[in-house]
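Chain residues, written in single-letter form:
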Amino acid sequence: FCASEDCEFNLVLTQLVRIMTFLCVGAFLFTSSMIMNVIYGILTGIGTIDRLKKKATNTMSESEEEPIPLTDIFGIGPWYTWPFPVDPLFDDFDRVMGFSTPQRLLREQILREQGMSNSGGGVAIGNYSPV
């Protein structure tokens, strides 16, 4: 484009470069802020909303949250798969997700009933599943 020394950008190109520089700096600041927010949440175990609530009620010193294990985020697969969009495998899916699927609850109920009938009695308790 500009192979000679007397080549200069015209006024429109200069303004476009200034606008793009401003947008790039803003995007970099926003992205780095979000990354630091996620890292803080992982290291402390406190999410943004919980942290704001605790600050508002002056109960930050009473928090009992623990850091989130990386296996709860990336799964138990090899570390080199972490940057790729693959489904992670978890030791205990229900604990990580915080809920159980109806299919798993039914399967556990059937296994519990089979175990109780083999052990000589007992009563199955509805859809109870210790998670």
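Calculation notes
- Residues numbered from 1 in each chain as written.
- Predicted model: local features only at pLDDT ≥ 70, side-chain atom pairs only at ≥ 80, totals over all residues.
- Heavy atoms only, no water.
- Helix = DSSP H or I, 4+ residues; strand = E, 2+ residues; numbered from the N terminus.
- Buried < 20%, exposed > 50% of the residue type's maximum accessible area, 1.4 Å probe, protein only.
- Areas by Shrake-Rupley, 256 points an atom, 1.4 Å probe, with all protein chains shown as cover.
- pLDDT = per-residue confidence, 0-100.
- Phe/Tyr/Trp six-rings, centres within 6.5 Å; stacked < 30°, edge-to-face > 60°.

## Focus: the overall build of the protein chain
Here's step 1: Looking only at helices and strands, one finds five helices and zero strands in the protein chain.
Here's step 2: Going from N to C terminus, the protein chain has its helices and strands arranged as α-α-α-α-α.
Here's step 3: When burial is assessed residue by residue, the protein chain has 9% of its 131 residues classed as buried.
Here's step 4: As displayed, the protein chain has an accessible area near 11100 Å², and 66% of this comes from carbon and sulfur atoms.

## Examining the confidence of the model for the protein chain
Here's step 1: Per-chain confidence: the protein chain averages 83 in pLDDT, with 89% of residues scoring 70 or above.
Here's step 2: Here helix α4 (residues 93-97) is the element of the protein chain with the lowest mean pLDDT, 83, and helix α1 (residues 11-44) is the one with the highest, 94.

## A look at the packing of aromatic side chains
Here's step 1: The tally for this structure, following the rule as stated, stands at three aromatic pairs.
Here's step 2: Arranged with centres 6.1 Å apart and planes meeting at 80°, the rings of Trp 79 and Tyr 80 form a pair that is edge-to-face. Tyr 80 shares its class with Trp 79; the two are exposed.
Here's step 3: Ring geometry for Phe 90 and Phe 93: centres 6.1 Å apart, planes at 50°, overall tilted.
Here's step 4: Phe 90 gets classed as buried once you look at its relative accessible area, which sits at 16%.
Here's step 5: Exposure remark for Phe 93: the relative accessible area of 37% places this residue in the partly exposed category.

## Re unusual backbone geometry
Phi is mostly negative for residues that are not glycine, and the peptide bonds are mostly trans.
Here's step 1: For Asn 58, which is not a glycine, the phi torsion comes out positive at approximately 60°.
Here's step 2: You can see Asn 58 is positioned in the loop between α2 (48-56) and α3 (70-74).
Here's step 3: When its relative accessible area of 67% is taken as the criterion, Asn 58 is described as exposed.

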